[in-house]
Amino acid sequence: AKTLRNDNSSRFGKFIELGFSRPGHLMGAKVQTYLLEKVRVTFHASGERCYHIFYQILRGASEEQKKRFDFHEGLTQGLELPNYFHYTGQGGAPHLREFTDESGLKYTMKAMKGLGWSDETIDIVLSIIAGILHLGQIKFETEEKDGVDASVVVDKKILKSAARLMGVDEGMLETALTERVIMARGQEIRTQLTPDKSADARDALGKTLYGAMFLWVVDQVNASICWKNDSDIKSSCGVLDIFGFECFAINSFEQLCINFTNEALQQQFNKFIFKMEQAEYERESIQWAFIEFPDNQDCLDTIQMRKTGILAMLDDECRLPRGSDKNFANRMYEHYIPNRATVSENTRFSATPVQRSKAIFCVRHFAGLVQYSSQTGFMEKNKDEIPLTAQKMFENAPVQLVKDIYAVQKRETTERGSKAGATPGKPAKSKTVGQQFKEQLHSLIESVEKTDPHYIRCLKPNDSAKPLMLTKKRLTEQLRYGGVLEAVRVARMGYPVRLPKENFFQRYRMLLPSVDDDVLPWNTEGEDAQKLCIKLVDMLLEAGKNHMDKTEGKMLDPNEEGISRSERIRRMQNQPMPIKFPKTDVQLGKTKVFMRKPPHDALEAHRVFHQNAAATIVSCWIRGMYQLRKYSWLLDASLLAQRVYRGYKGRERWLKLRRAVAGDLLTNHYRMQIQRRRYVTKKKGTVKMQAVYRGHATRRVVAAVKIQKTNRMTKERAKFRKLRSAVLALQCCVRCMVASRVFNELKREQKDIGKMKQHNEKLKEEMASLKAMLAAQAQSATASEAHQKQLQAKQDEIDQLEKRIKELEDKLKQEKKIVADMESKMKQQAENFEKEKVSMEESHQYALKKKEKRNLAVAALNQSSGTRSSAAETRAAAAAAESRVVAAEVPESPKQTSQQVKAIPDADGAPMVPMPANYVSPEKLAEHQAHIRKLEEELQAERNLRREADGEIIKLRATVNGVQLNDGEVHDLLAKQLESAPTKMIESNDDGAETEDDEEEVEPPKESMNGAPAPSSVAPEVTGADVQQERLQQAKTPQPDPSKRPELEQTRLSQSASDVMNALNKLGLGGGDKINRRNFLLKSPSEYLPMIRRGFTRGAEDEDDAASQVISVGWKVEVRNRKEREELLRDEVDRFEIKMKRFSGMLEEGIDVTMWQLSRKVELGGQEKDEFGLKSTAVSVQLMKRGDLYVQSQLNFTLRGGYLSKAIGRRKADKAALEPLALYDILEVKAGCSGYDHNDLPSSGKSKTKKSKGDNRQSSLFLTIKATPTPEASFRSYILKFKSRGARNDTLNGLRSMLADMQIHEGVSISSMQNTEEEDDDETEIMVPLSEVHNAINREREAYDRLLLLLLQGQEDLKEKEDELLSMRGKLETVMEESSEKDRVQANDSRLIMQLSKKLETLLMDNEDLRDQNDRLNSRLVVVECEKMNLMSN
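Residues numbered from 1 in each chain as written. Predicted model: local features only at pLDDT ≥ 70, side-chain atom pairs only at ≥ 80, totals over all residues. Heavy atoms only, no water.

Counting its secondary structure elements, the protein chain contains 37 helices and 20 strands. Within the span of the protein chain, comprising 1434 residues, buried residues form 32% of the whole. If you take every contact in the protein chain between residues at least 6 apart in sequence, the share linking residues at least 24 apart comes to 67%. Summed over its atoms, the accessible surface of the protein chain is roughly 94,100 Å², and 54% of this surface lies on carbon and sulfur atoms. (Helix = DSSP H or I, 4+ residues; strand = E, 2+ residues; numbered from the N terminus. Buried < 20%, exposed > 50% of the residue type's maximum accessible area, 1.4 Å probe, protein only. Contact = heavy atoms within 4.5 Å. Areas by Shrake-Rupley, 256 points an atom, 1.4 Å probe, with all protein chains shown as cover.)

Moving on: the sheet that holds strand β12 (residues 586-588). In spatial order, the strands read β11-β13-β12; together these 3 strands make up an open sheet with antiparallel pairing. Since the sheet does not close on itself, it has two edges, and those belong to β11 (497-500) and β12, each with one partner. Averaged over all pairs of adjacent strands, the angle between their axes in this sheet comes to 20°, without regard to strand direction. With 4 bridges joining them, β11 and strand β13 (residues 592-595) adopt antiparallel strand pairing. Note on β13: the bridge partner recorded for Arg 498 is Phe 594. Most of the contacts of helix α20 (residues 501-508) go to β11, to which it runs at about 95°, and overall it touches β11 and β13. (Pairing = 2+ DSSP bridges. Axes fitted to C-alpha atoms, helices over the stretch in contact; angles between N-to-C directions.)

A few words on the nonpolar core. Within the largest apolar cluster, 59 residues are counted, with the highest numbers of intra-cluster contacts made by Phe 54, Leu 173 and Tyr 210. Looking at this core, the elements with two or more residues in it are α1 (52-60), α5 (119-136), α6 (156-166), α7 (170-178), α8 (195-225), α15 (388-395) and α16 (400-412). Residue contacts for Tyr 210: discarding those within four places in its chain leaves Leu 36, Val 41, Tyr 51, Ile 53, Phe 54, Ile 129 and Ile 132. If you look at the next biggest cluster of nonpolar residues, it comprises 42 residues, including Phe 260, Met 332, Val 433 and Leu 441. (Core = buried A, V, L, I, M, F, W, Y, C linked by side-chain atoms within 4.5 Å.)

Turning our eyes to something else, we now look at the sheet that holds strand β1 (residues 13-20). Strands sit in the order β2-β1-β7 across an open sheet of 3 strands; the sheet is antiparallel. The open sheet has two edge strands with one neighbour each: β2 (26-34) and β7 (235-241). For this sheet, the mean inter-axis angle between neighbouring strands, taken without regard to orientation, is 15°. As defined by bridge partners, β1 adjoins β2 across 8 bridges and the pair is classed as antiparallel. Along β2, the bridge assignment pairs Ile 16 with Val 31. Lying on the sheet, helix α17 (residues 433-449) is in contact with β1, β2 and β7; it crosses β2 at an angle near 140°.

Here we come to helix α4 (residues 101-114). Along its 14 residues, α4 runs 20 Å from first to last C-alpha, staying within 8% of the 20 Å computed at 1.5 Å per residue. By the burial criterion, the buried members of α4 are Asp 101, Ser 103, Gly 104, Leu 105 and Met 112. Packing partners of the buried residues in α4 comprise α1 and α5. Following α4 by one or two positions, Gly 116 has its phi on the positive side, about 90°. (Expected span 1.5 Å × (residues − 1).)

Both strand β5 (residues 179-184) and strand β6 (residues 187-192) contribute to a ladder of 6 bridges, which runs antiparallel. Looking at β6, one finds that Ile 182 is bridged to Ile 189. A loop of 2 residues connects β5 with β6, the two strands running antiparallel in sequence, and Arg 185 in this loop sits at a positive phi of about 55°.

Our next topic: the pattern of salt bridges. Under the counting rule described, the total for this entry stands at 42 salt bridges. A salt bridge links Glu 280 to Arg 283; the shortest N-O distance between them is 2.2 Å. Here Arg 283 and Glu 280 lie together in helix α9 (residues 253-284), a separation of 3 residues that amounts to about one turn. Given a relative accessible area of 10%, Glu 280 falls into the buried group. With its nearest N and O atoms 3.1 Å apart, the salt bridge here joins Arg 348 to Asp 298. Within this pair, whereas Arg 348 is found in the loop between α12 (325-336) and β8 (349-350), its partner Asp 298 is found in helix α10 (residues 297-304), the two being separated by 50 residues in sequence. (Salt bridge = Lys/Arg side-chain N within 4 Å of Asp/Glu carboxyl O.)

Okay, the side chain of Gln 355 next. Tracing the sequence through the fold places Gln 355 in helix α13 (residues 353-357). The contact partners of Gln 355, leaving out residues within four places of it in the chain, are Tyr 333, Ser 350, Ile 360, Cys 362 and Gln 371.

Taken together, the side chains of Glu 761, Glu 765, Glu 969 and Asp 972 make up a negatively charged region of the molecular surface. Of all the secondary structure elements, the ones that give two or more residues to the negative patch are α24 (753-778) and α29 (967-980). We classify Asp 972 as partly exposed; its relative accessible area is 42%. (Patch = residues over 30% accessible without salt bridge, like charges linked within 9 Å, V, L, I, M, F, W, Y side chains within 5 Å. Lys, Arg positive; Asp, Glu negative; His and termini not counted. Charge placed at Lys NZ, Arg CZ, Asp CG, Glu CD.)

Once that is clear, we can look at α12. Its 12 residues place the ends of α12 17 Å apart at the C-alpha level, agreeing with the 16 Å of an ideal helix rising 1.5 Å per residue. Taken as a whole, α12 has its buried residues at Asp 325, Phe 328, Ala 329, Met 332, Tyr 333 and Tyr 336. What you see down the axis of α12 is that its buried residues fit within an arc of 140°, all on one side. Buried residues belonging to α12 abut α10, α11 (310-319), β8, α13, β9 (360-365) and α14 (378-383). (Arc of directions from axis to C-beta.)

See the structure below:
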């Protein structure tokens, strides 16, 4: 099990014996156990765990095993399984450091199979473990039976699962937990237990079953690894792993047995050490005195004495019928400390008056004084009895393995033999735990005394299980409790230092360096080692005595004259005390030299002194030789440098004389280059100045042009703005007039009694629908599968009908369009036909008149000529003249230019009306109209089918909800649905013709077979414009009001519209643009009056577009009126709610953040200590849902790889950075770094790059999650750092929204509207006024809107404060940077001044040198000139 100091502590003692044959072959092994800590099954401290197998089966079992063992995570209310069960969740169910419980279960299963267990046996063993867990979940309550308070099981289901998994009968298990059976004179006496006693019986049963199964497992292991024949074993090797000394705040029976074992083993250890010392001294034949060693036999007698020992008194008290822990303590007080004494005669037992009152006694062990509390169940733990009901339950268990396990337990607790005085015919007498433990301990001591023991003391350097950490106090306590310090004390009382004689002489011969080799040789070759060692010790003692006489306790002077260099070095060292010890402290045996600690320390101190002095002398000589060699090298190098320097100076003088000749040539050339460079520079400057001036002049001209253009544009823009402001003012005025009129009309309608009646009727209908809904909800019968299938079939039929209706409507619309086109063409053809007919009749009348004139002219000619020969010519001339006259006088028809007509002669030979090429016949039009009527009939039939399907669906849904509706009620519901659907009107222009904007024609709803209008598939949303349109349409219809107020109102509206049109035309804004009067006049009140529409106005499919748009809205947007402000607020609320809805899905995908995990722990002194479980680590925060509820969800923190690992796709398995954090463990979510300064957050220490100190300066990027405290930490917080402030704010609002949803839906309601569910026996209807319901809903809605507005305003305030803080931080950083820059510049200036001063000094010195050289050269030149003049004169 896991304890506070050890993750894998074996809570029992064991002795493993390995058996070997005569040749030395291993034949097998045998295991014997001592005192299993069964109390850990039912209780363990905080931070510890129960036995590993419980956590392994809870965390490592497969889904099939969890289902078989009844481990349902849905019943744990979001808790982990180990935290849910009582026996495993007391200490918090921590995880182990080295390995996981899942892998531990695999190792355990592998070990079971290695022992040869079958799968059935393994499954039964695991089932018993699971049954013990379910046994701990059983709870009891008080119930009166026959006038006596008795305990009963609260949840029978848990009892049934525990009995099934443990392999026992359910009824017997319940009896064993709630009743006690006592055998008196062969009769059973049953007594009922209280709930507390039942809980104790439950825990005792669990401990008994686990202990019995532990013994059975040990037997199975021994059967698997033990040898077959004891005669084959000739030698054995045993390993004893026993518990150590224990001393806690409250010590019980287990600690007494454990410390009793340590007392016995310490006694054997002391005897063994003393025997080894005695055997060594006798073997070497040295003189020694008796060594006293600590004898704790009196402590063992106090515990194990036959009649007066503590265990014997406890056994006697257990045999009494009315024995108790208090009587047991009083019995010990009367025997050991009578007459109100506090300490017994042997000083091992003690108790103060205060301890007596609390039944506490103390025993002084070899490791210290230990207090034992007798009222912690000494008698119950010593008895360890199994009740008769439990015995019968195990003996009659249906599973054979349970019977075998109980048989092993019964064998261990029953005496086998006649040692206790039992007769062969009587039943065996049960043993107490104390008797069993004493027998096991005696047999163990006998086994140890028969062997050659070797002791291994295991010491823990610290209690934190950390490497490279040693606690001195803890280590000292372990040495004391283990008896190591006592063993060292016993060894030091004798001769602890032992060296062979040769090693002793060679080790300490160096202490006499001045003694000649002839007097005392340096090795023992060819000499008697015994005599040399005696002589060495005598000479050392004599030298020490002489030294003390010479110095008289003072240090030797290293500056004394006449001493050698070596002696001076020795005297300068830290000189030890002179050698002085009793000669008896050094004993010479046959092969070894035995020394006590004082002589050994003196010899070792002088040996170290001589070694240091010799090392100093040798290093002194070596350093002298090194310096001498270095001096030789420097001497040779200096001579060489001098020679080189002299040669260099001679060559330097020769070069100077040579360069003086070439100096003049270089000077002339240099001056020429200077003059040329000056000329080129001046030329370039002149050209550049000209270019700059020309560019400046050009830019000035361009700028002037631009300023003129901007000025003209500004004037035109000002005119346009004035014009637009006037238009807007006029529009606002007209709209206000229209709105006021509409508002007055609405007020008048509200005062109308007929309207009030309609509203009352609607309210009654709503109340009837609410009653029907409440009646439907009251029925709890669920829908049957047949209803669901029928409902689905009807829904499919409705979908097909809707599809067919849509197709018919499209076809009908197309046919209507074709008919409309044909009618328009036919109308146009009729007009053209009438015009052509009139023109043809005029031409026909004109032709007749001409014909008559021609006839008259022919007759006149005939009369004048009188001849027949010219008649024909005259007729031809008249016809030609007539044709010319007709061609000249008759105008050409305009239709003949665009259309080709065909003249059809009539019966008289006269031409008829010409027909156009695209002529539409009436028969064709009639055929299309008949087709349209047929389509309308089909559409009406489909609508009737749809209506019937809707009625059947309504009936089926009412039947599923437990309500039966007749045909009349279904008809009423469908009629109400149709009444709520809006109808579309056909708009026309002033002349009665349809406009281009209103070409769409809407078919009015036709009556069905029963007279009701056909239903529509989807009821569209009714807006303010549609309502206003309907009201104006009603206003156009004649009313019975004699004042004709609607007609006058409509006339005023049309006049206002015409006035607006004229004003716009006068302003020049209406030229050619067609204004839709319907859209201008029919405005809803919502466009004139400020209003905030609550909820979502868009569908679910528009949320993506709405969320993706980035619109500058909110509190900081510049608005001109209240209406714009509230529209912006409405959009902001919509986007905010969409974000909150999407946050859960975004959190499930994961959010990348940088994270710190802070835990605050309280140490023993009450001081708080902050520890970071995670430091500046890149993690991904994900929401893991284990169910539909938020309480079953948790936040997972997984490490994420870097950019390179993501780019190459080499991602490892997700590694959890921390344990998951459940949502119900979150106390609050705060913005910023709450509870810790964000500037002092530590770095991870793993990054290769050094982070700057200002990485965590922006507190607006931090988010703090505070969690519930744990047994190990009084304060927990998770600090998250985001990449942007927007991501931080979205996560903050999302987490708070999720916590609010969890509080609203899964926690305690905080609203003033509480839904109290009260069950009424009588089925009476509760009549609630609908107005109160509406008022309550409005109050909640207003509160919701108020909270949303306050939240948005608070967010904006937070943003402003953060922006202000960031700006102030930026200013502060700027000031600090400027200050540091000034300091840096000042430091650089001072450094530069120092460099310049040094350079100036150097230049001055060089100048002085140059002056000296110049003087020497001048004097030299003077001398040379004088010599030349002398030579010339000669």
